[in-house]
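What the coordinates show
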Amino acid sequence: MNIFKNKQTPEYKEKERYRLRKARLWGYKMGKKYGINEKIAKANAWADGHRRKTAGILFSVNTCIYIIGFLLCMSGNDAEGSGMIKDPMQDLAQVQPIFSQLHRIEDMKTVQKKTYVQLSNRAVTLKREVDSLMAMPGKTHQDSVLALQKYDELKTIMNK
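Just so you know, these numbers come straight off a predicted model, no measurement behind them.

About the cut-offs
Residues numbered from 1 in each chain as written. Predicted model: local features only at pLDDT ≥ 70, side-chain atom pairs only at ≥ 80, totals over all residues. Heavy atoms only, no water. Helix = DSSP H or I, 4+ residues; strand = E, 2+ residues; numbered from the N terminus. Buried < 20%, exposed > 50% of the residue type's maximum accessible area, 1.4 Å probe, protein only. Contact = heavy atoms within 4.5 Å. Areas by Shrake-Rupley, 256 points an atom, 1.4 Å probe, with all protein chains shown as cover. Polar contact = N/O pair within 3.5 Å; in protein donor to acceptor, adjacent residues only side chain to side chain. Salt bridge = Lys/Arg side-chain N within 4 Å of Asp/Glu carboxyl O. pLDDT = per-residue confidence, 0-100. Axes fitted to C-alpha atoms, helices over the stretch in contact; angles between N-to-C directions. Parallel < 35°, antiparallel > 145°, perpendicular 65-115°, else oblique. Left-handed = near helix turned anticlockwise from the far one by under 90°. Nonpolar A, V, L, I, M, F, W, Y, C, P; charged D, E, K, R; others polar.

The subject of this paragraph is the overall build of the chain. Tallying secondary structure elements over the chain gives six helices and zero strands in all. Residues classed as buried in the chain amount to 8% of the 160 residues present. If you take every contact in the chain between residues at least 6 apart in sequence, the share linking residues at least 24 apart comes to 32%. As displayed, the chain offers around 14800 Å² of accessible surface, 63% of which is attributable to carbon and sulfur atoms.

So this is what it looks like as structure tokens:
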């Protein structure tokens, strides 16, 4: 399975063009519906006429955003109310049990694959033995019983 798409293929480029066309069309419809184009033009005209106010508004909004972000970052780093910065590796230590379970799953898959290979090899040898027993010209009752037993074992393996 290829996770990373090849972005150079014509099919991918065509799908991307189609997606962008759809997005532009949707944006155009929404703009027409709510009159966004006129509102943007009106706001730009006001900003051209009031340059100092626009700069002041932008500066104050950016300052508020930075201050709020700084306060949120500093308040979120309290480690059990002690005021110390939390160790980022502590969260990583909690991931260790997940990795051990993933390794266990991989080990079980390996065991399952080996068992499957062993069963398929056993099935091939049983089929050859049954075929050779059935092709024998002078079979005895003992040979027929042995052939039926091996055939039953082969059916059991095939049903697993």
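Anyway, onward from the coordinates.
Take the environment of S144 next. Along the polypeptide, S144 turns up in helix α6 (residues 141-159). According to the relative accessible area criterion, S144 is partly exposed, its value standing at 30%. Expressed as a C-alpha distance, the spacing of S144 and L133, which sit eleven residues apart in the sequence, is 7.5 Å.

Turning next to the side chain of T54. In this structure, T54 sits in helix α3 (residues 51-75). There is a polar contact of 2.8 Å between the side chain of T54 and the backbone oxygen of H50. Excluding its chain neighbours within four sequence positions, the residues that come into contact with T54 are W46 and A47.

Considering the arrangement of structural elements, one finds K150 in helix α6. Overall, the relative accessible area of 18% leaves K150 in the buried class. Those residues in contact with K150 that lie beyond four places of it in its chain are L126, E129, V130 and L133.

All right, on to the pattern of salt bridges then. For the structure on display, the rule yields six salt bridges. Close ionic contact of E153 with R122 constitutes a salt bridge, the shortest N to O distance being 3.0 Å. Here the residue E153 occupies a position in helix α6, and R122 occupies one in helix α5 (residues 96-135), the gap between them amounting to 31 residues. E153 gets classed as partly exposed once you look at its relative accessible area, which sits at 33%.

Our focus in this paragraph is the confidence of the model for the chain. Residues of the chain with pLDDT of at least 70 account for 84%, and the chain-wide mean is 85. The spread of mean pLDDT over the elements of the chain runs between helix α4 (residues 89-93), the lowest at 69, and α3, the highest at 93.

Our next topic: the packing of α5 against α6. For the pair α5 and α6, the least separation of the axes is 9 Å and the interaxial angle reads 150 degrees. For the element pair α5 / α6, the angle class is roughly antiparallel. Crossing hand, α5 versus α6: left-handed. When α5 is examined against α6, the residues L119, R122, A123, L126, K127, E129, V130, L133 and M134 are found in contact with a partner set consisting of D143, L146, A147, K150, Y151, E153, L154, I157 and M158. Residue classes in the contact of α5 with α6 are distributed as twelve nonpolar, no polar and six charged.

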